[in-house]
Amino acid sequence: MKRLLLALSFVVCLPVLAKSVPFNEKMGTAIILRFGYKDDVRGCERDKRAPAFIPISAFYDTDNLYLNSCYSVENTAVVVKDKWGNVMYEADVELLTDKEIVLPLNVGEGNYTLEITYGSICLSGDFEI
């Protein structure tokens, strides 16, 4: 029973512990991305299950959004939406292996959702500035 409680507390506290991580000699905050599929009618739909591997990592600070990918991905749409679903930032980028993409975030304080779409794959994560 003690092991179960210890494991449960670790799982609950893990996102809090991983929130601020060093990133290329800068301090940035990680955006936890969730896997989903793009639907032409509803947009990006988050999947209930977590995949074993998400190839793109995202970090942000007050001025910029940083993206890294484990492999090259062409025609990648990056969209930042506010809590009401309004598009605050939109860009089409090409993610290259081990190349950091820096996108300027010109948004104020608030809650936002990052959506990264390529093909029928949609990665999304929530963050707060």
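Note that this is a predicted model, so its numbers are computed, not measured. (Residues numbered from 1 in each chain as written. Predicted model: local features only at pLDDT ≥ 70, side-chain atom pairs only at ≥ 80, totals over all residues. Heavy atoms only, no water.)

A. Structural context of the nonpolar core. Membership of the largest hydrophobic core comes to 26 residues, with the highest contact counts inside it found for Leu65, Leu67 and Leu114. Of all elements in the fold, only strand S5 (56-60), strand S6 (64-69), strand S7 (73-82), strand S8 (87-95), strand S9 (101-104), strand S10 (111-118) and strand S11 (121-128) reach the threshold of two or more residues within this core. Excluding residues within four positions of it along the chain, Leu67 makes contact with Ser57, Ala58, Val78, Leu95, Lys99, Glu100, Ile101, Leu103, Leu114 and Ile116. (Core = buried A, V, L, I, M, F, W, Y, C linked by side-chain atoms within 4.5 Å. Buried < 20%, exposed > 50% of the residue type's maximum accessible area, 1.4 Å probe, protein only. Helix = DSSP H or I, 4+ residues; strand = E, 2+ residues; numbered from the N terminus. Contact = heavy atoms within 4.5 Å.)

B. View of the pairing of S6. When you tally the buried positions in S6, you get 5 out of 6 residues, the bulk of the element. As paired strands, S5 and S6 are joined by 5 bridges and run antiparallel to one another. Residue pairing across strands places Tyr60 opposite Leu65, the latter belonging to S6. Counting the residues in the hairpin turn of S5 and S6 gives 3 residues. (Pairing = 2+ DSSP bridges.)

C. The arrangement of the pattern of salt bridges in detail. Applying the stated criterion to the full structure yields 1 salt bridge. Its salt-bridge partner being Glu115, residue Lys81 comes within 3.6 Å of it at the nearest N-O pair. You can see Lys81 sitting in strand S7 and its partner Glu115 sitting in strand S10, a full 34 residues away along the chain. A relative accessible area of 24% means that Lys81 is categorised as partly exposed. (Salt bridge = Lys/Arg side-chain N within 4 Å of Asp/Glu carboxyl O.)

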